[in-house]
2 protein chains.
Amino acid sequence: MSDSPVTTLSPDDSWAMLRANEFGRLAFHLADEVHITPINYAIDAQDRIVVRTAEGSKLLGLTMNADVAFEIDEFDDEEARSVVVRGRARTLDGHEADETEQLPLRPWVDTVKLNVVAITVDELTGRRFSLTRPWLHLRPHEV
Amino acid sequence: MSDSPVTTLSPDDSWAMLRANEFGRLAFHLADEVHITPINYAIDAQDRIVVRTAEGSKLLGLTMNADVAFEIDEFDDEEARSVVVRGRARTLDGHEADETEQLPLRPWVDTVKLNVVAITVDELTGRRFSLTRPWLHLRPHEV
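Conventions used here
Residues numbered from 1 in each chain as written. Chains lettered and ligands numbered in written order. Predicted model: local features only at pLDDT ≥ 70, side-chain atom pairs only at ≥ 80, totals over all residues. Heavy atoms only, no water. pLDDT = per-residue confidence, 0-100. Contact = heavy atoms within 4.5 Å. Helix = DSSP H or I, 4+ residues; strand = E, 2+ residues; numbered from the N terminus. Buried < 20%, exposed > 50% of the residue type's maximum accessible area, 1.4 Å probe, protein only. Polar contact = N/O pair within 3.5 Å; in protein donor to acceptor, adjacent residues only side chain to side chain. Arc of directions from axis to C-beta. Phe/Tyr/Trp six-rings, centres within 6.5 Å; stacked < 30°, edge-to-face > 60°. Salt bridge = Lys/Arg side-chain N within 4 Å of Asp/Glu carboxyl O. Pairing = 2+ DSSP bridges.

- Named according to an unreviewed UniProt entry, chain A is Pyridoxamine 5'-phosphate oxidase family protein originating from Phycicoccus sonneratiae.

### What about the confidence of the model for chain A?
Stage number 1. Residues of chain A with pLDDT of at least 70 account for 82%, and the chain-wide mean is 84.
Stage number 2. A low-confidence stretch, residues 135–143 of chain A (pLDDT under 50), is modelled with 8 contacts involving residues beyond four sequence positions or located in other chains.

### Considering unusual backbone geometry
All names here are of chain A.
Stage number 1. Phi at Ala31 takes a positive value of approximately 55°, unusual for a residue other than glycine.
Stage number 2. Mapped onto the fold, Ala31 is located in the loop between β2 (23–30) and β3 (33–40).
Stage number 3. Given the relative accessible area of 71%, Ala31 is considered exposed.
Stage number 4. Not every positive phi belongs to a glycine, and Asp47 is a case in point at roughly 60°.
Stage number 5. Note on placement: Asp47 falls in the loop between β4 (42–43) and β5 (49–53).
Stage number 6. Asp47 sits in the partly exposed class, given a relative accessible area of 33%.

### Considerations on the side chain of Glu71(B)
Stage number 1. Counting through the fold element by element, Glu71(B) comes out in strand β6 (residues 67–75).
Stage number 2. Residue Glu71(B) is classed as buried on the basis of its relative accessible area, which comes to 0%.
Stage number 3. Reaching out from Glu71(B), the side chain makes a polar contact with the side chain of Ser82(B) at a distance of 3.1 Å.
Stage number 4. Contact partners of Glu71(B), with chain neighbours within four places excluded, come to Arg25(A), Ile36(A), Pro38(A), Gly24(B), Arg25(B), Ser82(B), Val83(B) and Val84(B).

### Looking at helix α1 (residues 11–20) of chain A
Residues and elements named next belong to chain A.
Stage number 1. Residues of α1 that are buried: Ser14, Trp15, Met17 and Leu18. Taken around the axis of α1, the buried residues stretch over an arc of 160°, which confines them to a single face. In this structure, α1 carries Asp12 and Ala20 as exposed residues pointing more than 90 degrees from its buried face.
Stage number 2. In this structure, the buried side of α1 is in contact with β1 (6–9), β4, β6 (67–75), β7 (79–92) and β8 (115–130).

### Here's the deal with the packing of aromatic side chains
Residues and elements named next belong to chain A.
Stage number 1. Within the structure shown, the criterion is met by 4 aromatic pairs over all chains.
Stage number 2. Plain terms: the ring middles of Tyr41 and Phe70 are 5.0 Å apart, the flat faces sit at 75° to each other, and that makes the pair edge-to-face. Of the two residues, Tyr41 sits in the loop between β3 and β4 while Phe70 sits in strand β6, which places them 29 residues apart along the sequence.

### Focus on the pattern of salt bridges
Stage number 1. Enumeration over the complete set of coordinates arrives at 28 salt bridges over all chains.
Stage number 2. Asp67(A) serves as the salt-bridge partner of Arg86(A), at 2.7 Å between the closest nitrogen and oxygen. In this pair, Arg86(A) sits in strand β7 while Asp67(A) sits in strand β6, placing the two residues 19 residues apart along the sequence. For the residue pair Arg86(A) and Asp67(A), the accessibility class agrees, reading buried in each case.
Stage number 3. Residue Asp73(B) is joined to Arg25(B) by a salt bridge in which the shortest nitrogen-to-oxygen separation is 3.3 Å. Of this pair, Asp73(B) sits in strand β6 while Arg25(B) sits in strand β2 (residues 23–30), and the two are 48 residues apart along the sequence.

### With respect to the pairing of strand β5 (residues 49–53) of chain B
Residue and element names in this part refer to chain B.
Stage number 1. Burial runs high along β5: 5 of the 5 residues are buried.
Stage number 2. The alternating pattern of β5 places Ile49, Val51 and Thr53 on one face and Val50 and Arg52 on the opposite face, and all of these are buried.
Stage number 3. Two elements, strand β4 (residues 42–43) and β5, share 2 bridges in a ladder whose sense is antiparallel. Looking across to β5, one finds that Ile43 is bridged to Ile49.
Stage number 4. Joining the antiparallel neighbours β4 and β5 is a turn of 5 residues, in which Asp47 adopts a positive phi near 60°.
Stage number 5. Inspection of the sheet shows β5 paired to strand β8 (residues 115–130) by 5 bridges, in the antiparallel sense. Residue pairing in the sheet places Val51 in a bridge with Val117 of β8.

### Some thoughts on the side chain of His35(A)
Stage number 1. Mapped onto the secondary structure, His35(A) falls in strand β3.
Stage number 2. Sequence-distant contacts of His35(A), defined by excluding residues within four places in its chain, comprise Leu26(A), Ala27(A), Phe28(A), Leu30(A), Lys58(A), Ala69(B) and Arg86(B).

This is the structure we're talking about:
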């Protein structure tokens, strides 16, 4: 049993994990509510998280309130790793949107995706959780 | 190529997926910001999403603004499935907190988890995405 089952990932390791993945969850404001959606992403040359969204998506709430949070995670039997980003989202137009065409941004599905949104990373927090296989010491139900 | 690569999961299927998993991501307000955290959960007898949090966690923002969103997902080569919940969170005390002791709520790690939070589900949206193996038709980089 480790004294410190939760450890911090270095910024480099957190960025490496962000670059190695392509699927995360984006949390955003929609009026006074918080919403969350699974989404494909890519990191661009300016270290922004770039996503594409369908016209009319709830994600257009981003244009009203740029404050967002984004999460990715990976795990195996031994440990879980999670990277959480806080940042600001902005819709890209014209030339800026065209530049993202080169990104390996894979839509989950072949629906039309028209809007390009770039998220500037303000805070990046990576954590590693040593999994203690808790099911081995789950206490029996006492019903 | 399917005409409708995104289909809706029935409420029953969405609930079944919620009950079959134990790990999700919780998005919540913290002052005027949106935050997201990976978290273990269990569904209780009242169909609430129950989580445990450490004392002093950012999740205590929940006591200021109960509005939350929660997401789980699963995928294989063929398709991805995601369930998104919108709801209201409330910290449980005393007897109510004690009752959750029977839940198969596995902490990721053996740190002390003191606060019990129950999320009442107001909206449940399950979606299935037929994956089109998009890397097979990724256009070549034109750099």
